[in-house]
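Fold and contact review
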Amino acid sequence: MRFKSLVVTEKPGKIFERKIIHRETDDLPAGEVLIRVHYSSLNYKDALSATGNKGITRNFPHTPGIDAAGIVEQSSNGLFRSGDEVVITGYDLGMNTSGGFGQYIRVPASWIIKKPLSLSLKQCMIIGTAGFTAATAVYKMQLLGVSPCQLPIVVSGATGGVGSFAVAILTKAGYTVTAITGKKNATEYLEFLGASQIKERDFLHDQSGKPLIKSQWAGGIDTVGGRTLETMLKGCAIEGGIVSTGLVDSPLLSLTVYPFILNGVSLLGVGSAGMSMPQRLKIWDRLAGEWNVQSKLGEIGKEVTLEEVNDHYIDEILQGKIKGRILVSLL
């Protein structure tokens, strides 16, 4: 079958060119399940792959898209049948396996979950890896015992994909949220998601040189790394927890061990791509149930075409210009 796909090709001189072309399903990698993709979404990792980052994708030509939701077309695995509505986030999809920026994918059955009944395919892709990552961060904080209390939870990069969902899910779970953003005119959006307080990004740029600062939050979800993450750890309350989910500012972390050995602060990470299937299903159950933020999805997600992703949004997400989530329609 012939289908439309965004393909990134490596040219001489380490030049990467991306075009929307037609491919054949026979050219897709081996796998048990062939899926007709209805929706994907744009993640930072997709943009890196689409611009030739060899840390994400080793071999080109390649089709990015680490998220996909659609209908099973063919299956050699008894767990899935033709017509099933399914969702894939993570694993190797869109990294070194042809991804969701094509109308068809072929993947192992072990990567797939059946769409939660309370969510549509479109809603699952507005959530996608970003919402899944945010929900996993909240889940890990709760396992530590960080419960709603007088001090807020601080969220950096709060207008981005992970940040937007972190604010919405934390609010749904009963926490008070302080949202941090570098974007102007984001107040109305963040208040709609549930933020009680909104601060500019300098709020989390401590330059005192002190190993610890006054405790101002019970925990935090960081999407940017670098000094922001350092400040979150230094200003976290006793027995609090900070979850690291991103590195758009910096992958480096430079601080003393005092937040850990004096205040008992825990630093947690989220690596959602390789999460086990039982744990993955547990998080999706939360997203479809007690952490369902359906009323916020229309504001968080913006639906665009594959052509628009190629022409505009890949570059914009790399420049930090995206608010919320970019939903990619492949219908």
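Below you will find a few notes about this structure. (Residues numbered from 1 in each chain as written. Predicted model: local features only at pLDDT ≥ 70, side-chain atom pairs only at ≥ 80, totals over all residues. Heavy atoms only, no water.)

1. Concerning the overall build of the protein chain
- Regarding its fold elements, the protein chain presents nine helices and 15 strands.
- A compact globule built from 331 residues would reach a C-alpha radius of gyration of about 20 Å, and the protein chain, at 20 Å, matches this within 12%.
- Taken along its principal axes, the extent of the C-alpha atoms in the protein chain is 60 × 45 × 35 Å.
- By residue count, 54% of the 331 residues in the protein chain fall in the buried class.
- Of the contacts made within the protein chain by residues no fewer than 6 positions apart, 70% connect residues no fewer than 24 positions apart.
- On the protein chain, the mean spot of the 34 positive side-chain charges and the mean spot of the 30 negative ones are 2 Å from each other. (Helix = DSSP H or I, 4+ residues; strand = E, 2+ residues; numbered from the N terminus. Rg over C-alpha atoms; globule rule 2.2 N^0.38 Å. Buried < 20%, exposed > 50% of the residue type's maximum accessible area, 1.4 Å probe, protein only. Contact = heavy atoms within 4.5 Å. Lys, Arg positive; Asp, Glu negative; His and termini not counted. Charge placed at Lys NZ, Arg CZ, Asp CG, Glu CD.)

2. Examining helix α5 (residues 226-234)
- Burial of α5 is extensive: eight of the nine residues sit out of reach of the surface.
- Looking only at α5, the buried set comprises Gly 226, Thr 228, Leu 229, Glu 230, Thr 231, Met 232, Leu 233 and Lys 234.
- Of the surrounding secondary structure, the elements contacted by the buried residues of α5 are β8 (153-155), β11 (217-222), β12 (236-244), α6 (258-261) and β13 (266-269).

3. Comments concerning the pairing of strand β9 (residues 177-181)
- A large share of β9 lies buried, amounting to five of its five residues.
- Of the two faces of β9, the one holding Val 177, Ala 179 and Thr 181 and the one holding Thr 178 and Ile 180 are both buried throughout.
- Where β8 and β9 come together, three bridges link them in parallel fashion. Counted as the bridge partner of Val 155 is Ala 179 from β9. (Pairing = 2+ DSSP bridges.)

4. Things to note about the pattern of salt bridges
- Within this structure, the stated rule accounts for eleven salt bridges.
- Glu 10 is the partner of Lys 54 in a salt bridge, and the nearest nitrogen-oxygen pair spans 3.3 Å. Taken together, the positions of Lys 54 in the loop between α1 (44-50) and β4 (67-75) and Glu 10 in strand β1 (residues 2-11) put the pair 44 residues apart, joining distant regions of the chain.
- Connected via shared salt-bridge partners are Lys 11, Glu 17 and Lys 19. (Salt bridge = Lys/Arg side-chain N within 4 Å of Asp/Glu carboxyl O.)

5. Focus: the environment of Val 265
- Of note, Val 265 is situated in the loop between α6 and β13.
- Classification of Val 265 by relative accessible area gives buried; the value is 4%.
- With 192 residues separating them along the chain, Val 265 and Glu 73 place their C-alpha atoms 48 Å apart.
- When neighbours within four sequence positions are excluded, Val 265 is seen to be in contact with Leu 233, Cys 236, Ala 237, Gly 240, Ile 242, Pro 259 and Phe 260.

6. Considerations on the sheet that holds β9
- In space, the six strands of this open sheet follow the order β10-β9-β8-β11-β12-β13, with parallel pairing throughout. The two strands at the open ends of the sheet, each matched to only one other strand, are β10 (197-200) and β13. Adjacent strand axes in the sheet meet at a mean angle of 20°, parallel and antiparallel pairs treated alike.
- Where β9 lies against β10, four bridges are found, and the strand directions are parallel. Its bridge partner being in β10, Ile 180 is matched across the sheet by Lys 199.
- Set on the sheet, helix α3 (residues 161-172) makes contact with β8, β9 and β11; between it and β8 the angle comes to about 160°. (Axes fitted to C-alpha atoms, helices over the stretch in contact; angles between N-to-C directions.)

7. Regarding the packing of aromatic side chains
- In the structure shown here, the tally under the stated rule is five aromatic pairs.
- A cation sits over an aromatic face here: Arg 36 above Tyr 104, 5.9 Å from the ring centre.
- Over the aromatic face of Trp 291 sits the side chain of Arg 286, whose NZ or CZ is 5.1 Å from the ring centroid. (Phe/Tyr/Trp six-rings, centres within 6.5 Å; stacked < 30°, edge-to-face > 60°. Lys NZ or Arg CZ within 6 Å of the ring centre and 35° of its normal.)

Remember that the coordinates give geometry; whether it matters functionally is a separate question.
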